[in-house]
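In case you want the letters, here they are:
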Amino acid sequence: MDRAQKEKVVEELGQIFESSGVVVVAHYAGLTVAEMQDLRARARAAGGSVRVAKNRLAKIALEGKPCASMADLLTGMTVLTYSEDPVAAAKVAEDFAKENKKFEILGGAMGENALDRAGIEAVSKMPSREELIASIVGCIGAPASNIAGAIGAPASNIASILSTIEEKAEAA
């Protein structure tokens, strides 16, 4: 890798560190190519990405970024799992780590906050952006459906009373 390529990688990593809601750092020594492809596919499905980069270049890219405190985690064979959604990458990494003991989560960063292993686990248990939006829409929609039911109820009550009166009149 020549200098120009290294500069390009540092720039790409800098963009990742700035724009990502969460970055998870993990050791991946011993994972097969198929297992790494599985991790990449899961991350892509959740709206995230996986990146393997040289630690030295990642540390250079971290300089001056809000999440620079996670530079200490970049030792050994590390992989970065990241997403704009502050929860997606953490969920993917946590689920993958449960199935693959060779994938060891070291920690990461969420904005300016450095996260340890327990922090990543806590973030992974939070609801995702889509789940939060769905619950908010449910809360907003519930009163509207109650109002519609209340408005429609008198009409259905009158209809049932009229049908009962009509049935009694026919029976008599």
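These numbers come from a predicted model, not from an experiment. (Residues numbered from 1 in each chain as written. Predicted model: local features only at pLDDT ≥ 70, side-chain atom pairs only at ≥ 80, totals over all residues. Heavy atoms only, no water.)

**Side note on the overall build of the chain**
When helices and strands are counted, the chain shows six helices and five strands. The 172 residues of the chain split such that 35% are buried. Across the chain, every contact between residues at least 6 apart in sequence was considered, and the portion connecting residues at least 24 apart equals 78%. Of the accessible surface of the chain, which amounts to about 10,300 Å², a share of 58% is contributed by carbon and sulfur atoms. (Helix = DSSP H or I, 4+ residues; strand = E, 2+ residues; numbered from the N terminus. Buried < 20%, exposed > 50% of the residue type's maximum accessible area, 1.4 Å probe, protein only. Contact = heavy atoms within 4.5 Å. Areas by Shrake-Rupley, 256 points an atom, 1.4 Å probe, with all protein chains shown as cover.)

**Thoughts on the pairing of strand β3 (residues 78–83)**
When you tally the buried positions in β3, you get six out of six residues, the bulk of the element. Along β3, one buried face is formed by Thr78, Leu80 and Tyr82 and the opposite face, lined by Val79, Thr81 and Ser83, is buried too. Relative to β3, strand β1 (residues 22–27) runs antiparallel, the two being bridged by six bridges. From the neighbouring strand, Ala26 faces β3, where its bridge partner is Val79. Of the pairings in the sheet, the one linking strand β2 (residues 48–52) to β3 comprises five bridges and is antiparallel in character. Looking at β3, one finds that Val50 is bridged to Thr81. (Pairing = 2+ DSSP bridges.)

**Here's the deal with the nonpolar core**
Counting residues in each nonpolar core, the largest one holds 21 residues, and the members touching the most others are Val24, Met36, Leu39, Val79, Phe103 and Ile105. Among the elements of the structure, β1, α2 (33–45), α4 (88–99) and α5 (117–124) are those that each provide at least two residues to this core. A per-element tally of this core places α4 first, with six residues. Not counting residues within four places of it along the chain, the set of residues in contact with Leu39 comprises Val50, Val92, Phe96 and Phe103. Membership of the second largest hydrophobic core comes to 19 residues, among which are Leu57, Leu62, Cys67 and Leu74. (Core = buried A, V, L, I, M, F, W, Y, C linked by side-chain atoms within 4.5 Å.)

**Re the sheet that holds β2**
An order of β2-β3-β1-β4-β5 is seen for the five strands of this open sheet, with the pairing classed as antiparallel. Bordering the open sheet on either side are β2 and β5 (113–115), each of which pairs with just one other strand. Sheet twist, expressed as the average angle between the axes of neighbouring strands with direction ignored, equals 20 degrees. In terms of strand pairing, strand β4 (residues 104–110) meets β5 through three bridges, oriented antiparallel. When the bridges of β5 are listed, Ala109 appears paired with Ala114. Running at roughly 20 degrees to β1, α4 makes contact with β1, β3 and β4 of the sheet. Strand contacts of α5: β1, β4 and β5, with the helix running at about 70 degrees to β4, the strand carrying the most contacts. (Axes fitted to C-alpha atoms, helices over the stretch in contact; angles between N-to-C directions.)

**Focus: α5**
Restricting attention to buried positions, one finds in α5 the residues Gly119, Ile120, Val123 and Ser124. Angular distribution of buried residues about the axis of α5 spans 135 degrees; they occupy a single face of the element. Against the buried residues of α5 lie β1, α4, β4 and β5. (Arc of directions from axis to C-beta.)

**A word on the pattern of salt bridges**
The full count for this structure, using the stated rule, is seven salt bridges. The closest approach of N and O atoms between Glu12 and Arg51, which form a salt bridge, is 3.2 Å. With Glu12 in helix α1 (residues 3–19) and Arg51 in strand β2, this residue pair connects regions lying 39 residues apart in the sequence. For Glu12, a relative accessible area of 31% corresponds to the partly exposed category. One salt bridge connects Glu94 with Arg117, and the closest N-O pair in it is separated by 2.5 Å. With Glu94 in helix α4 and Arg117 in helix α5, this residue pair connects regions lying 23 residues apart in the sequence. Relative accessible area serves as the criterion here: at 5%, Glu94 is assigned to the buried category. Residue classification places Arg117 among the partly exposed residues on the basis of a relative accessible area of 32%. (Salt bridge = Lys/Arg side-chain N within 4 Å of Asp/Glu carboxyl O.)

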